[in-house]
Structure formats: C-alpha cells, structure tokens
Amino acid sequence: MIESKKVSKVLYGGDYNPEQWPEEIWEEDMRLFKEAKIDVVTLNVFSWAMIQPNEEKYDFSKLDKIMKLVKKNNINVCMATSTAAHPAWMARKYDDILRVEKNGMKRRFGSRHNSCPNSPTYRKFASKLVEKLAKRYKDYDNIVAWHVSNEYGGECYCDNCVKAFRKWAQERYGTIEKVNDAWNMSFWGHTLYDFDDIVPADFRSEEFMAWDRERSCFQGISLDYKRFNSDSMLECFKLERDILKKITPEIPVTTNLMGWYKTLDYMKWAKEMDFVSWDNYPGFDTKTSDTAAIHDTMRGLKGGKPFCLMEQTPGVTNWHPYCKLKRPGVMRLWSYQALAHGSDTVMFFQMRRSQGASEKYHSAVIDHVGTNETRVFNEIKELGIELEEIGSEFLGTRTNSKVAIVFDWENWWACELSAGPSILINYINEISSYYRALYTQNISVDIIGVDDDISKYSLVIAPMLYMNKSGYDDRIRRYVENGGNYITSFFSGYVDENDKVLLGGYPGKQKDILGIWVEESDALTEEESNSFIYKGTEYPSKIVCDIIHLRGGREISTYEKDFYSGTPVLTENKLGNGRAFYVGTHSSDEFYSTFLRDICQELFIEPVLNAPRDVEVTCRENEENKYIFILNHKDEGTEVRIKKSGTNILTGEIFMADDIVKLEKKGVAIIKSKK
Ligand code: GLA
Ligand code: ZN
C-alpha cells in the first residue's frame, strides 16, 4: 500500500469492525472518521464466522454494505482475509484444524490464531474464502493492500504437524543418517532408524522447562522444529498471497508482524511480503530506544524500504499488566517516532471500542461514550489534520546509516536454548545494549540480517552471534580485510546452523578474524560482577566473562579480579585494511556508549544532530531533500541546534544553519533541508 500510486499521504486509520455493531452506528462512524481525517480502515480481520456461516454457505451481504459505505466516504481499505480465527462449525466438524500445544494439550474451539497451519482442512477452507473475497472485491479501487490473516503466531504439535515435520526433515536432509548427524543423535543413544522415528521436540520429548525457560536436550531438533513451524505458517501466508496475486496482481500483500516476535523468522517472511507492516505496543516503561530498534528491525527486513505501522493503541491497551494511559502528546510523539524510522502510515487498533469480550477495555478512536468529546479522539483529530497538511512529504524516503547491527532469528532461538553458560543469556538484551549506545548519541543504525550486504557500512556490530551460518565468517573476513570494522561479543561464533560446536576452540571459524582464542567462560550471578578499565575508567563486567588468549590480536582492557585477572576482556585485531573487536563480557550502558562513541569518532560517523538526553533525532532522505525528525521524549521543553538551514514542515517556521529549534514537552519538529 505504501508504494501504491493511490497513496499520496501518510495513511491514517486502522482496524475497523463494524460487523460488531448495528448499522445505525456505521453512519456515525463515518462522520467521526471524517472529522478526524481518517482515510484508511482495515476491514474484515475477524469475520470468517459472518462470511461463512456453514460449510456450504457464504454470505457477503454485510461486508458488501460495509465496502459500499466506506467507498462512498472516500476511505481506503486495507482488506484482511479473516483467516486468523476459524468459525465454530469448522472446529466442531473437523477437529484436525485444532492445534495441540507444546505440552500435548489438544485445543478446543476458542480464542484466535488457533488453526493448525498444517491442517489440510484449514488450508482448503482458507484458500476458498480468500479466492471468493478477491473475486468479489477486486474492482474496488480503494483497496490499497491485502492484509493476510492477522499476527501469525504460536506453535502446533498435532499429528498433522508431526507428519509434515518428517517430510520437511526428509526434504532438508535426504537421509536419516544425515538427520542423526545434524542433530547429534549418537548422544544418549537417540539414533533414529527411520523418518517415522522423528518426533517434534516438545515437553513430551526433548524439551523441558528449567528456571522458567524453555530448554532442550537436543537443540538441533528444537531448532529445526522452530524453523519448520515458522515455515508452516509462512506456507499458509503464501497460499493466500498466491491466490490474491492471481486475481489482483496490482494490490500489494502484507501481514502484520509483531516486531521482535521470537517464534517466527521474519527475515524469511519478509522476502515473501510486498511490504512489511507491524503492530507496535510499547508498555509505559518500554525504553524508547527499544521501540526505535524494533522500527529499525522492521525497516531492515526489506533492505530499508519504508514499512507500515499497521497497529498501535491510541490510548491504553488492555493486555499490559498496568494499562496506563498514554499521556497527552505521547500518541502523536510515538506516531512520529514510527514515521521517523521509516513508516509511511500511522494506524490504530481499533476504530471503535468493542462492547464485550477480550478487548472491551482497549482504547479506540471512538470510545464507549461514542462521541468526539474524548481527549484521545481530539488528539487523534489534531494529528489527522497535521498529517493531511504534510501530504506526501517524506513518503518513500530512506535512511542512510553507516552502522549496522546484525540480528538473526535462528541465532536468537539457538543461543537461548542450550543449557549453559548462564541463564542470564538474553539475545535481545545484548542487541539492545549496543543499539541503545548508538541511539542515545543519535547515530543512525540499520538492523540487518546475517545474509545482507554489509559493504556499504563503516561499522558492523554482531552482538552475541552464537551461530556462525555457513559462509558468514568468510563474508566478515572479506569485509574486514577490505577495510571494514567489526565488533562482536561473548558467546559468538560457537556453533553451526544445527547448534553443533565448531571444533578447534571458540569462537570457531572467527578466531583468525578476531585474533583470539576463548578458552573458557565464567558465569556470574546477577549480583556479581568483575570489572575492567577502559581509557582510565572502570566498567563492570557482568553475566559472562570469557577467558581469552591473544592469537595475533591485542588487548585493549583486562579483567581486574578473580583468577583470570590481568587477562584480556576487550581486544582488537587488525586484519587487512580493517579491524575486528571482541567484547568478552556484558558491561554497562556507560561502557557501550564510550566505546562506540570512540570507534564512531575514529570512523567519522557523526550523530544526525547533537541533542540533549531523551531527544531522538533521525533522518529520512531522498535525492532532493533531507528530513530531520526531532522527537522530544522528555517531560519538559528542550532545544536542539540544527546544522543546515531548513523549514519545520509542521509549523512552516524557517531556520538558518546553526539555529536553535525549540520543542515543547513531548514535542516534534521535522526540518526539511535541500540536499
Ligand atoms: C493485536 C491484534 C489486534 C488486537 C490488538 C490489541 O495487535 O492484531 O487484533 O488484538 O493486538 O492490542
Ligand atoms: Zn498442527
């Protein structure tokens, strides 16, 4: 939708469920949407039960009316396919559509995102429904995108899935001997004789819970089951997408992702989607840097192409432990944060607050009071007017970063599945620590996959990249030899794709790149820490302390305590024209900030602007213009000095080079400059 010719402004709207309401209300909705400058609605997200009341019958009469009404009111449609929750009759009649949980519990009808992805029944009915929808509504020129299903997620361990997993393994490995080898099945005498011996790793077989965490006796099987489960759902997406593409080839297809959602490998998913869209629900205590990092991850999924903010709450959610109100100005600020990081839309869940069931206390554009009198409605309306005035400015523009952070879903699964070295191993925590250090200095970052091109970056950071996929070290070696700068951290480079250790000492194939050998790793409890001195300041060493031997590299800092006191913790290796750094522990925000600031300075990587703490600055650009987004997350006013002359497109105010831009508490400025 974001690249569609029909779109000439930031689309503004969200999930609309008129089928939950009597028709008299619909006209009132339209009136309020107009008032708030809403110009897109996501329809038909959970309407399967309405459209197909039984196996033989399809009834589109209500959806026809809704489509006509929306069209008459010049509102665009993001058209969902309704396949994220199956109807009751289907569950009663065909129990193979019901999922089985990891503990073996067979689900009954209820909740949503509840269909087995490998159920032939589910796939058959989903395909039929999608074909009918596409054929029926294909001539509506206000459909700007297809929204397949909704927030694909969860896992299934039913018999359909067991059968499909065996087939998947056969396709991947060919012979059972290769499976045994990949999963290291000679351990504990688990050798398999036949593909039919394969069972998924669940709580009945290889997996168990320890210290509140999922653990696996055979990480190879667990990893492959995660891959398979993600692939199975992706197959469902592709099935629908292919039908839609056949009937309406010009309408882009997406599905709403969930940011750092661990269960699905979004790097793989994004390749199948026309554009990325995602649902952003930060808690009141979520760090703004984490939200920024997730936006950047979503942008990175499609090589920097703009994405779509498909959902956010206008006010409260109902599913956080404490459903705090978004303070005045925060909805606007966070909407601009999405735009600042590459979104081309601002969309909400939901347009009208439902009367009953799960989400009755979830905020909406139109609240239970049903009028335009609420604070939330008025903030939405003000933003709507502002976005209308902005028009097509910055749509389609890109971010130009010199720093990349490598993020990989399979690595995330792997590094947290193994027993050892510590229960505190947390991939997201490592990623966020490095990201935050750059974010607080307003240094632009791309978050990219392990296979993405890194040649354009001056600095590539791969925190805790435990899994060295085939060819990865070769690409890093070449990058560094050609003058690139690489940073990686403890628990990196240990294993191959199947979680088999790369022998010959850690970090496996990266030893020569980093000029080190890690002999052992010591785990520290949450309360414990070691320390090291970097450029005269002492910083803590937490979670894991790698005991490092230099093998061509040089030490920058050494441990201060314990039997490994005096041995390296932070190292640098020169290789060809570049450098590779190793951070053998987890440290503090202060350390990461200082260390990355130093490296960025050496590489002439500059902040977009220098700004006070909690003031975020990003830049989107095209061939002619730069748009500097300045976001004040503070609870007080602030001032930021800009570098180049430009105009604040939100106020029309003109600024000269080196002028000060003043922002109110939670305020936003977008300074447009000629390039
Ligand atoms: C998700 C779903 C929506 C809704 C919201 C509530 O993002 O896609 O249907 O449940 O959460 O926050
Ligand atoms: Zn299943």
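Every value quoted in this text rests on a predicted model; they were computed, and no experiment measured them. (Residues numbered from 1 in each chain as written. Chains lettered and ligands numbered in written order. Predicted model: local features only at pLDDT ≥ 70, side-chain atom pairs only at ≥ 80, totals over all residues. Heavy atoms only, no water.)

Student: So, the sheet that holds strand β11 (residues 345-349): which residues are in play, and what are the values?
Tutor: The strand order across the open sheet formed by six strands is β7-β4-β3-β2-β1-β11, and the pairing between neighbours is parallel. This sheet does not close on itself; its edge strands, each paired only once, are β7 (253-254) and β11. Where strand β3 (residues 76-80) meets strand β4 (residues 143-147), four bridges bridge the pair, whose relative direction is parallel. In the strand pairing of β4, Ala-80 is matched with His-147. Contacts from helix α12 (residues 375-390) reach β1 (11-15) and β11 within the one sheet, and its direction differs from that of β1 by about 140°. (Pairing = 2+ DSSP bridges. Helix = DSSP H or I, 4+ residues; strand = E, 2+ residues; numbered from the N terminus. Contact = heavy atoms within 4.5 Å. Axes fitted to C-alpha atoms, helices over the stretch in contact; angles between N-to-C directions.)

Student: Which residues make up the nonpolar core, and what values do they have?
Tutor: Soluble globular proteins tend to pack their nonpolar side chains together in the buried interior. Met-79, Tyr-336, Ile-487 and Phe-595 are the most contacted members of the largest nonpolar core, which totals 168 residues. With near-sequence residues (within four places) excluded, Met-79 lies in contact with Leu-43, Asn-44, Leu-63, Met-67, Leu-133, Tyr-137, Ile-143, Ala-145, Trp-146 and His-147. Counting residues in hydrophobic clusters, the runner-up holds 23 residues, among them Ala-169, Ala-182, Trp-183 and Tyr-225. (Core = buried A, V, L, I, M, F, W, Y, C linked by side-chain atoms within 4.5 Å. Buried < 20%, exposed > 50% of the residue type's maximum accessible area, 1.4 Å probe, protein only.)

Student: Can you tell me about the environment of Asp-242, naming the residues and giving the values?
Tutor: With respect to the secondary-structure elements, Asp-242 resides in helix α8 (residues 219-247). Exposure remark for Asp-242: the relative accessible area of 39% places this residue in the partly exposed category. Through-space distance from the C-alpha of Asp-242 to that of Glu-131 is 9.9 Å; in sequence the pair is 111 residues apart.

Student: Please set out the sheet that holds strand β9 (residues 277-279) residue by residue, giving values where relevant.
Tutor: Across the sheet, which stays open at both edges, the three strands sit in the order β8-β9-β10 with parallel pairing between neighbours. Lying at the two open borders of the sheet, with one neighbouring strand each, are β8 (256-257) and β10 (308-311).

Student: Any details on the coordination of the zinc ion (ligand 2)? Residues and values, ideally.
Tutor: Looking at the metal site, the zinc ion (ligand 2) is ligated by Cys-116 (SG), Cys-156 (SG), Cys-158 (SG) and Cys-161 (SG), spaced 2.2 to 2.3 Å from it. Metal-centred angles of 97 to 121° between the four donor atoms at the zinc ion (ligand 2) mark the site as tetrahedral. Donor residues for the zinc ion (ligand 2) sit on one chain with the sequence pattern C-x39-C-x1-C-x2-C. Highlighted residues: Cys-116 in the loop between α4 (88-93) and α5 (120-137) and Cys-156 in the loop between β4 and α6 (159-173), separated in sequence by 40 residues. (Donors = N, O, S within 2.8 Å, 3.2 Å for Na, K, Ca; no water. Tetrahedral: all angles 85-135°; square planar, octahedral: opposite > 155°, others 65-115°.)

Student: Can you lay out α6 for me, pointing to particular residues and giving the numbers?
Tutor: Over its 15 residues, α6 extends 21 Å from the first C-alpha to the last, a length consistent with the 21 Å expected when each residue adds 1.5 Å. Of all the positions in α6, only Asn-160, Cys-161, Val-162, Phe-165, Trp-168, Ala-169 and Tyr-173 are classed as buried. As for α6, its buried residues are in contact with α5, α7 (176-182) and α8. Where α6 terminates, the next one or two residues include Gly-174, which has phi positive at roughly 80°. (Expected span 1.5 Å × (residues − 1).)

Student: Describe the site of ligand 1, with residues and values.
Tutor: In the vicinity of ligand 1, the residues found are Phe-46, Arg-112, Asn-150, Glu-151, Asn-256, Asp-279, Tyr-281, Glu-311, Trp-319, Phe-349, Glu-359 and His-362. Separating an oxygen atom of ligand 1 from a side-chain N or O atom of Glu-311 is a distance of 2.4 Å. One of the side-chain nitrogen or oxygen atoms of His-362 is found 2.7 Å away from an oxygen atom of ligand 1. Calculation on ligand 1 without its partners gives an accessible area of 310 Å², and the protein chains cover 97% of this total. (Near = heavy atom within 4 Å. Polar contact = N/O pair within 3.5 Å; in protein donor to acceptor, adjacent residues only side chain to side chain. Areas by Shrake-Rupley, 256 points an atom, 1.4 Å probe, with all protein chains shown as cover.)

Student: Let's hear about empty space enclosed by the protein: which residues, and what values?
Tutor: Evaluation of the coordinates by the stated rule reveals five cavities of 30 Å³ or more. Taken as a whole, the largest cavity holds about 140 Å³ of empty space. Lining the largest cavity are 17 residues, and of these His-341, Ile-443, Ser-444, Val-617 and Thr-618 lie nearest its centre. Those elements that place two or more of their residues in the lining of the largest cavity are α10 (288-300), α14 (427-439) and β23 (615-621). Ranked by the residues each element gives to the lining of the largest cavity, the list is headed by β23, at four residues. Tallied by class, the residues present in the lining of the largest cavity amount to nine nonpolar, five polar and three charged. Estimated volume of the second largest cavity: approximately 110 Å³. For the second largest cavity, the lining is made up of 15 residues, of which Arg-99, Ser-115, Tyr-122, Ser-149 and Tyr-152 are closest to its centre. Partitioning the lining of the second largest cavity into residue classes produces six nonpolar, seven polar and two charged. (1 Å grid on protein atoms, 1.4 Å probe; cavity = no way out; pocket = protein on both sides within 12 Å on 5 of 7 lines; lining within 4 Å. Points joined across faces, edges and corners; volume = space filled by probe spheres on them. Nonpolar A, V, L, I, M, F, W, Y, C, P; charged D, E, K, R; others polar.)

Student: Could you give an account of the pairing of strand β15 (residues 485-489), naming the residues involved and the relevant values?
Tutor: Taking burial as the measure, the five residues of β15 include five buried ones, the bulk of the element. Here β15 shows no split at all, with Asn-485, Ile-487 and Ser-489 on one side and Tyr-486 and Thr-488 on the other all buried. Of the crossover connections in this fold, the one passing from strand β14 (residues 459-462) over helix α15 (residues 472-481) to the parallel β15 is right-handed. The pairing of β15 with strand β21 (residues 578-583) spans five bridges and is parallel. Paired with Asn-485 across the bridge in β21 is Arg-579. (Right-handed = clockwise from strand over helix to strand, strands pointing away.)

Student: Before we move on, can you summarise the packing of aromatic side chains with the specific residues and values?
Tutor: Here the structure, examined in full by the defined rule, presents 47 aromatic pairs. Geometrically, the ring pair formed by Trp-89 and Phe-125 is edge-to-face, given 5.3 Å between the ring centres and 90° between the ring planes. Here Trp-89 is found in helix α4, whereas its partner Phe-125 is found in helix α5, with 36 residues between them in sequence. Note on Tyr-494 and Tyr-506: the rings are 4.1 Å apart at their centroids and 5° apart in plane angle, and the pair reads as stacked. (Phe/Tyr/Trp six-rings, centres within 6.5 Å; stacked < 30°, edge-to-face > 60°.)

Student: Account for the pattern of salt bridges, with residues named and values stated.
Tutor: By the definition in use, this model includes 53 salt bridges. The residue Arg-204 makes a salt bridge to Asp-202 at a minimum N-O spacing of 3.0 Å. Overall, the relative accessible area of 52% leaves Arg-204 in the exposed class. On the accessibility criterion, Asp-202 (3% relative accessible area) is buried. For Lys-245, the salt bridge identified is with Asp-274, shortest N-O distance 2.6 Å. Within this pair, whereas Lys-245 is found in helix α8, its partner Asp-274 is found in the loop between α9 (266-272) and β9, the two being separated by 29 residues in sequence. Residue class for Lys-245 comes out partly exposed when judged on its relative accessible area of 25%. The class of Asp-274 is partly exposed, set by a relative accessible area of 27%. Each of Arg-172, Asp-224, Arg-227, Asp-408, Glu-410 and Lys-469 takes part in a single network of salt bridges with overlapping partners. (Salt bridge = Lys/Arg side-chain N within 4 Å of Asp/Glu carboxyl O.)

Purely geometric numbers; function is a separate question.
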